[in-house]
Amino acid sequence: MRAFSQADAPLTDTRVLMRAMQYAATFGFSVWLRPQDSFLARDGVAHDGEVATRLGLPAIPVCAETIALATMLQLAKETGVRLPSAASLPKRVWRWCAPPNSKACRSPATYRPTRTLSEMDIGFFDANCHLTPPLRSQRDRDALRAGLLDGTIDAICSDHTPVDEDAKQLPFAEAESGATGLELLLPLALKWAGQNALSAALAK
């Protein structure tokens, strides 16, 4: 499958994003997008919640993802482009974007919950948990797990972003964000799948 992505470069101009989707749809290409509002996420390093407040870390609100995700889904519906991925899907967002239990409405995108951990795993400034997007709340993590169990989410995968050890040996906010999917997500996903009698085929 051929697809195009903006990678880590935010697309702040929605007209440009819509035109790109139109061109991609015209030629049958897919687009892979990372939903994050760059203005709401600016300078943030952790989930806007209990842990960031306690540790004094610059925060990124959940709506930085949900607003961008809602925009992408609306533009995908308008242009007919296929979105193979959306970086996160708290269940409350899905219910807002489309009718519950509507497989037909779900077809333009395959959702990628990338987190099996939560903000609590930051502990005392553990830079290994400095990720993009940040580890969210336990509520969001549980919603993603519930989505897998009830079939709302078809597969999980990771944005494999290996980081040199030296880049992690810095204060949390200064450390480079990222982690290796093979060493972090895969063991956690397989362990959780085993605990819940799910097929390992979900961990794609």
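Here is what the cut-offs are and how they apply
Residues numbered from 1 in each chain as written. Predicted model: local features only at pLDDT ≥ 70, side-chain atom pairs only at ≥ 80, totals over all residues. Heavy atoms only, no water. Core = buried A, V, L, I, M, F, W, Y, C linked by side-chain atoms within 4.5 Å. Buried < 20%, exposed > 50% of the residue type's maximum accessible area, 1.4 Å probe, protein only. Helix = DSSP H or I, 4+ residues; strand = E, 2+ residues; numbered from the N terminus. Contact = heavy atoms within 4.5 Å. 1 Å grid on protein atoms, 1.4 Å probe; cavity = no way out; pocket = protein on both sides within 12 Å on 5 of 7 lines; lining within 4 Å. Points joined across faces, edges and corners; volume = space filled by probe spheres on them. Nonpolar A, V, L, I, M, F, W, Y, C, P; charged D, E, K, R; others polar. Expected span 1.5 Å × (residues − 1). Arc of directions from axis to C-beta. Phe/Tyr/Trp six-rings, centres within 6.5 Å; stacked < 30°, edge-to-face > 60°. Salt bridge = Lys/Arg side-chain N within 4 Å of Asp/Glu carboxyl O.

## Some remarks on the nonpolar core
Move 1: By size, the foremost hydrophobic cluster in this structure holds 13 residues, and its most contacted members are Val45, Ala46, Leu55, Leu57, Ile122, Leu135 and Phe172.
Move 2: Among the elements that line this core, the one with the most residues is helix α3 (residues 50–55), at three residues.
Move 3: Residues Leu33, Leu69, Leu73 and Val81 belong to the second largest nonpolar core, which totals twelve residues.

## Some words on unusual backbone geometry
Move 1: Residue Thr132 is joined to Pro133 through a cis peptide bond whose omega torsion reads -5°.
Move 2: Note that Pro133 resides in the loop between β6 (109–111) and α7 (138–150).
Move 3: We note that Asp43 has phi near 65°; this positive angle belongs to a residue other than glycine.
Move 4: Of note, Asp43 is situated in the loop between α2 (38–41) and β3 (46–47).
Move 5: Its relative accessible area of 65% is what places Asp43 among the exposed residues.
Move 6: Even without being glycine, Phe125 reaches a positive phi, approximately 60°.

## Describing the environment of Cys129
Move 1: For Cys129, the position within the fold is in the loop between β6 and α7.
Move 2: Sequence spacing of Cys129 and Ala46 is 83 residues, and the spatial spacing of their C-alpha atoms is 9.2 Å.
Move 3: Setting aside anything within four residues of it in sequence, one finds Cys129 in contact with Asp121, Ile122, Leu135 and Phe172.

## With respect to the layout of surface pockets
Move 1: In this structure, the second largest pocket spans a volume of roughly 320 Å³.
Move 2: Within the lining of the second largest pocket, the residues separate by chemical class into ten nonpolar, seven polar and four charged.

## Describing α7
Move 1: The first and last C-alpha atoms of α7 sit 18 Å apart over 13 residues, in line with the 18 Å expected at 1.5 Å per residue.
Move 2: Those residues of α7 lying buried are Asp140, Arg141, Ala143, Leu144, Gly147 and Leu148. The buried residues of α7 occupy an angular sector of 160° when projected down its axis, which confines them to one face.
Move 3: Where α7 terminates, the next one or two residues include Gly151, which has phi positive at roughly 90°.

## Focus on the packing of aromatic side chains
Move 1: Counted according to the given criterion, the structure contains one aromatic pair.
Move 2: With a centroid separation of 5.3 Å and an interplanar angle of 80°, the aromatic rings of Phe4 and Phe29 are classed as edge-to-face. Of this pair, Phe4 sits in strand β1 (residues 3–5) while Phe29 sits in the loop between α1 (14–26) and β2 (30–33); the two residues are 25 residues apart in sequence, bridging distant segments of the chain.
Move 3: Residue Phe4 is classed as partly exposed on the basis of its relative accessible area, which comes to 48%.

## Here we look at the pattern of salt bridges
Move 1: Counting across every chain of the model gives two salt bridges.
Move 2: Residues Glu65 and Arg136 are paired through a salt bridge, measuring 2.8 Å at the closest nitrogen-oxygen approach. Taken together, the residues span a long stretch of sequence, with Glu65 in helix α4 (residues 63–79) and Arg136 in the loop between β6 and α7 at a distance of 71 residues.
Move 3: Look at Glu65 and you get buried, because its relative accessible area is 3%.
Move 4: Judged by its relative accessible area of 2%, Arg136 is buried.
Move 5: For the salt bridge of Arg141 with Asp142, the shortest nitrogen-to-oxygen distance reads 3.2 Å.
Move 6: Arg141 gets classed as buried once you look at its relative accessible area, which sits at 17%.

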